[in-house]
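Secondary and tertiary structure notes
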Amino acid sequence: MQADLILTADEQRALPAGVMPVVLMRTNPSNDQHSLRYLMLVLILSRSGEKYSLGYGETYTDPTVALQHISASKSQSSVNPSGLTVGLFDPKVPGVLLIPTPVDGGLLGLRVSCINVKYLDRFMSVKNVRDLHPYLAVQGRVWFDSRVLTDSGLLSYESTGSAYLNLLHQGRIDYSPRGLVTLEEECGPRAGQAGYTNIAIDPHLLIAYPNAFVFGIHPDNIRLKAALERGLKRAIADGSQQRLLQQFFTPWLKRNLRLRERRLLVLSTPATEALLKESPPSSWLVPWQRLPRSSDPPVSAAILCKEAFFAPLC
């Protein structure tokens, strides 16, 4: 990673008075200046009107550890050695102050499954959620997604780190629903380049449920809270958030997603419906209120093609 993308503890202490340090958790080598979390922070902070200095933390940190550091101290200290101040989390993690407005407009809740290449037609005959009951999914440990799957009556195994890729590669689990903006990296050519040559995307289903990435910060970091809320509100209002998110609709995604050819399965649980009420409808790019919660008879994912934001994927 480029040194100028890191905001070290020494640099944080040397910042002029009035300049706010914004230190983003760094969870793997792919976190660089092109990652969604970094670009979104650049956009939102630029709209906030605050004086700030932005960079990643000095060391790679497991998301669970990063969460602990951010919740323990709002600046660099013995319990937060990299001085982490902000991360992107699912909206139900404990210990930090969560800003409920979806940073990604709810794209995290639109899921296409990574599967083993030997079973490309495994879900060809799946018409509703009940038809998925015999199959085993994998999600990250303590993720909100895992809870949604199990509360929907689906079998879900929880893994840590990138273990789910090994399980898929070896054909030991059936599917792993992944978000749109990370699909190419996790299931496409990049996965093959990393040695996971047996992984592909399921061509038949789009699994959907309300979920989003939200900012998490220390509860006492009032200045950062105000800056993120103000900047995000302005980025949504002027359309720059939507334009940034559409940049992640890569040629590979447009070529492989083929929404018109997929069946839509919407999962609905008390937790997902409660999540919708925590933010105004205008902050969601996914039209959750208009998506059918029942898939009898089967519903085509082409329903999303009516939305201008999703039209490029159709």
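Going by the structure above, here's the rest.
What you see is a predicted model; the values in this text were computed from it and never measured.

From N to C terminus, the protein chain includes eleven helices and 13 strands. In terms of C-alpha radius of gyration, the protein chain reaches 20 Å, essentially the compact-globule figure of 20 Å for 314 residues. In terms of overall dimensions, the protein chain has a C-alpha envelope of 60 × 40 × 35 Å along the principal axes. Within the protein chain, buried positions represent 52% of all 314 residues. Accessible area of the protein chain: about 13500 Å², with a carbon and sulfur share of 53%. Taken together, the 33 basic and 27 acidic charged side chains of the protein chain have centroids lying 4 Å from each other.

A separate point is the pairing of strand S3 (residues 86-89). Of the two faces of S3, the one carrying Val 86 and Leu 88 and the one carrying Gly 87 and Phe 89 are both buried. In this structure, S3 lies alongside strand S11 (residues 214-217), joined through four bridges in antiparallel fashion. The residue bridging Gly 87 from the neighbouring strand is Gly 216, located in S11.

Now for the pairing of strand S6 (residues 136-140). Of all the five residues making up S6, four are buried; the element is thus mostly covered by neighbouring parts of the structure. The pairing of S6 with strand S7 (residues 155-159) spans five bridges and is parallel. By the bridge assignment for S7, Leu 136 is matched with Leu 155.

Turning to the state of the cysteines, a few remarks are in order. Applying the stated criterion across every chain yields a total of two disulfides. Each sulfur in the disulfide pair Cys 114 and Cys 187 lies 1.5 Å from the other. Of the two residues, Cys 114 is situated in strand S5 (residues 110-116) and Cys 187 in helix H6 (residues 183-187); the sequence distance between them amounts to 73 residues. Cys 187 shares its class with Cys 114; the two are buried. The side chain of Cys 305 participates in a disulfide bridge whose partner is Cys 314; the two sulfur atoms lie 2.0 Å from each other. In this structure, the disulfide formed by Cys 305 and Cys 314 twists by about -100 degrees around the S-S bond and is classed as left-handed.

What counts, and where the lines are drawn
- Residues numbered from 1 in each chain as written.
- Predicted model: local features only at pLDDT ≥ 70, side-chain atom pairs only at ≥ 80, totals over all residues.
- Heavy atoms only, no water.
- Helix = DSSP H or I, 4+ residues; strand = E, 2+ residues; numbered from the N terminus.
- Rg over C-alpha atoms; globule rule 2.2 N^0.38 Å.
- Buried < 20%, exposed > 50% of the residue type's maximum accessible area, 1.4 Å probe, protein only.
- Areas by Shrake-Rupley, 256 points an atom, 1.4 Å probe, with all protein chains shown as cover.
- Lys, Arg positive; Asp, Glu negative; His and termini not counted.
- Charge placed at Lys NZ, Arg CZ, Asp CG, Glu CD.
- Pairing = 2+ DSSP bridges.
- Disulfide = S-S within 2.5 Å.

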